[in-house]
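Chain and residue survey
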Amino acid sequence: MMSHWPSPAKLNLFLYITGRRPDGYHNLQTLFQFLDYGDTLQISTDHSDRIQLLTPVAGVAEADNLIVRAAERLKQAALAKQTLPPKAGAQIAIDKRLPMGGGLGGGSSNAATVLVALNHLWQTGLTPDELAAIGVQLGADVPVFVKGFAAFAQGVGEQLQPAEPEEKWYLVAHPGVSISTPAVFNDPALTRDTPVRTLATLLSSPFANDCEAVVRKRFREVDELVSWLLEYAPSRLTGTGACVFAEFDTESAARQVLELAPNGVRGFVARGVNVSPLQRALRGD
Ligand SMILES: C[C@](O)(CO)[C@H](O)COP(=O)(O)OP(=O)(O)OC[C@H]1O[C@@H](n2ccc(N)nc2=O)[C@H](O)[C@@H]1O
Ligand SMILES: Nc1ncnc2c1ncn2[C@@H]1O[C@H](COP(=O)(O)OP(=O)(O)OP(=O)(O)O)[C@@H](O)[C@H]1O
């Protein structure tokens, strides 16, 4: 039987870079919230012993697709735990709405949805912590999507503490350029020495993103988009870009600004939510 599983976007409501580890990865302090908007995965399980992706994602080879890689990793882990059903297989299709390289975590979210959904459908019995541990090997943002609660994250994003930021309405705008995460993290001009602060201090300070200055400098399109949105509402970059979000108290206020968007800018309006749509689907809400 085919079932549908949400794969939501995330925003980094703030993002500070507090250092660089010997392996090149950066230590962050970031506040994650989900959007009630994203991709949808259709999944059916079978006994074919194969993982099949029925809908190719443009520009991503099947073997590299995080959907397929997540399913294969879950199989290995369940095999080791002896909880994998015989010849476990799955057919997966995706309705992709999230832009790639947009800072919305689409690929990570797809991986998390596969881990959570197949663990449920195959009844492989892995705990959320075990799923998150598999997930972090696929991408720094997979654990927060697996856990499914808005969170203050530290380390490279794997140390999560639940948080409850206000659930605002967001206009998320894409400037039409794709930005490579490693290119931003490797930029010599990146601020990577922001002092570590407590969550209470961060919540009572204006929110900002340490990646924004270098991304605005490198990409005129992002720079112009942030300047334009700031005329209407508090606005900033999510993750390493390219998307920018502006916050509003009501859906209609956000939609009014979206209608004024300049040529070449695509966008959508969505609500920020502290419980992920994936969690709600798993619980049957
Ligand atoms: C910046 C965030 O978007 C915040 O949500 C994420 O931490 C990025 O997560 P992601 O796109 O899944 O990134 P990954 O695939 O894990 O890492 C891509 C590359 O970005 C750099 N990277 C990533 C995360 C991190 N904390 N420090 C880094 O320096 C590394 O060069 C890494 O090779
Ligand atoms: N199922 C997938 N969906 C999207 N991208 C995928 C997928 N599988 C692999 N990828 C690869 O992952 C890269 C990053 O995609 P993703 O959508 O997660 O970017 P992002 O929104 O910038 O993420 P982040 O906020 O974590 O930086 C893509 O450019 C693509 O090469």
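Sequence order sets the numbering: in each chain, residues are counted from 1 along the sequence as written. For naming, the first written chain is A and the first written ligand is 1, with later ones following in the order written. Selection of residues for local features in this predicted model requires a pLDDT of at least 70, selection of side-chain atom pairs for listing and counting requires 80 or more, and totals for whole chains, interfaces and linings are taken over all residues. With hydrogens and water stripped out, all remaining heavy atoms of the structure feed into the side-chain values.

Some words on the state of the cysteines
Only a pair of cysteine sulfur atoms within 2.5 Å qualifies as a disulfide here. Following the criterion strictly, the structure yields zero disulfides and no others. A disulfide-free cysteine, Cys-211 has its sulfur positioned 14 Å from the sulfur of Cys-243, the nearest such atom. On the basis of relative accessibility, which here comes to 0%, the residue Cys-211 falls in the buried class. Buried residues are those whose accessible area, probed at 1.4 Å on protein chains only, stays under 20% of the maximum for their type, while exposed residues exceed 50% and partly exposed ones sit between those limits. We classify Cys-243 as buried; its relative accessible area is 2%.

Some thoughts on the side chain of Lys-75
Position of Lys-75 relative to the elements: it lies in helix α1 (residues 66-81). Pairing of N or O atoms within 3.5 Å defines a polar contact, subject to two protein rules: one partner must be a possible hydrogen donor and the other a possible acceptor, and residues neighboring in sequence count only if both atoms are side-chain atoms. Among the polar contacts made by the side chain of Lys-75, one reaches the main-chain carbonyl oxygen of Ala-88 at a distance of 2.9 Å. With residues up to four places along the chain from it excluded, the contact list for Lys-75 reads Asp-49, Arg-50, Ile-51, Leu-84, Ala-88 and Trp-122. Numbering of helices and strands runs from the N terminus, with a helix taken as a DSSP run of H or I at least four residues long and a strand as a DSSP run of E at least two residues long. The contact definition used throughout considers only heavy atoms, calling two residues in contact when any of these lie within 4.5 Å.

Re the layout of surface pockets
Empty space within the largest pocket amounts to approximately 1200 Å³. Surrounding the largest pocket, 44 residues form its lining, Ser-108, Gly-139, Ala-140, Asp-141 and Thr-181 being those nearest its centre. When contributions to the lining of the largest pocket are tallied by element, the ones reaching two or more residues are β1 (3-20), β2 (26-46), α1, α2 (106-121) and α5 (181-185). Amino acid classes used here: Ala, Val, Leu, Ile, Met, Phe, Trp, Tyr, Cys and Pro are nonpolar; Asp, Glu, Lys and Arg are charged; the rest, including Gly, are polar. A per-class count over the lining of the largest pocket returns 17 nonpolar, 22 polar and five charged. Cavities and pockets are found on a 1 Å grid laid over the protein atoms alone: a cavity is a set of points where a 1.4 Å probe fits but cannot escape, a pocket is an open set with protein on both sides within 12 Å along at least five of seven lines, and a lining residue has an atom within 4 Å of such a point. Grid points are joined across faces, edges and corners, and a volume is the space filled by probe spheres set on the points.

Side note on the packing of aromatic side chains
Given two aromatic rings, their pairing is described by the distance between the two centres and the angle made by the two planes. Pairing of aromatic rings covers Phe, Tyr and Trp, the last through its six-membered ring, and needs centres within 6.5 Å; plane angles under 30 degrees mean stacked, over 60 mean edge-to-face, and all others mean tilted. Throughout the structure, instances matching the rule amount to seven aromatic pairs. One aromatic cluster is present, formed by Phe-14, Tyr-16, Phe-152 and Phe-207 through successive ring pairs. Taking the ring centre of Tyr-37 as reference, the NZ or CZ of Arg-97 above it sits at 4.1 Å. Remark: a charge is flagged as sitting over a ring if the NZ atom of Lys or the CZ atom of Arg is within 6 Å of the ring centre and within 35 degrees of the ring normal. Above the plane of the ring of Tyr-16 lies Arg-197, whose end atom (NZ or CZ) is 4.6 Å from the centre.

Observations regarding the pairing of β2
The buried count for β2 comes to 15 of 21 residues, which makes it a mostly enclosed element. Two strands are said to pair when DSSP picks up at least two bridges between them. Linking β1 back to β2 in an antiparallel pair, the connection comprises five residues, with Gly-24 at a positive phi of about 95 degrees. Looking at chain direction, β2 and strand β5 (residues 151-154) are connected through three bridges and run antiparallel. Of the residues in β5, the one forming a bridge with Phe-32 is Ala-151.

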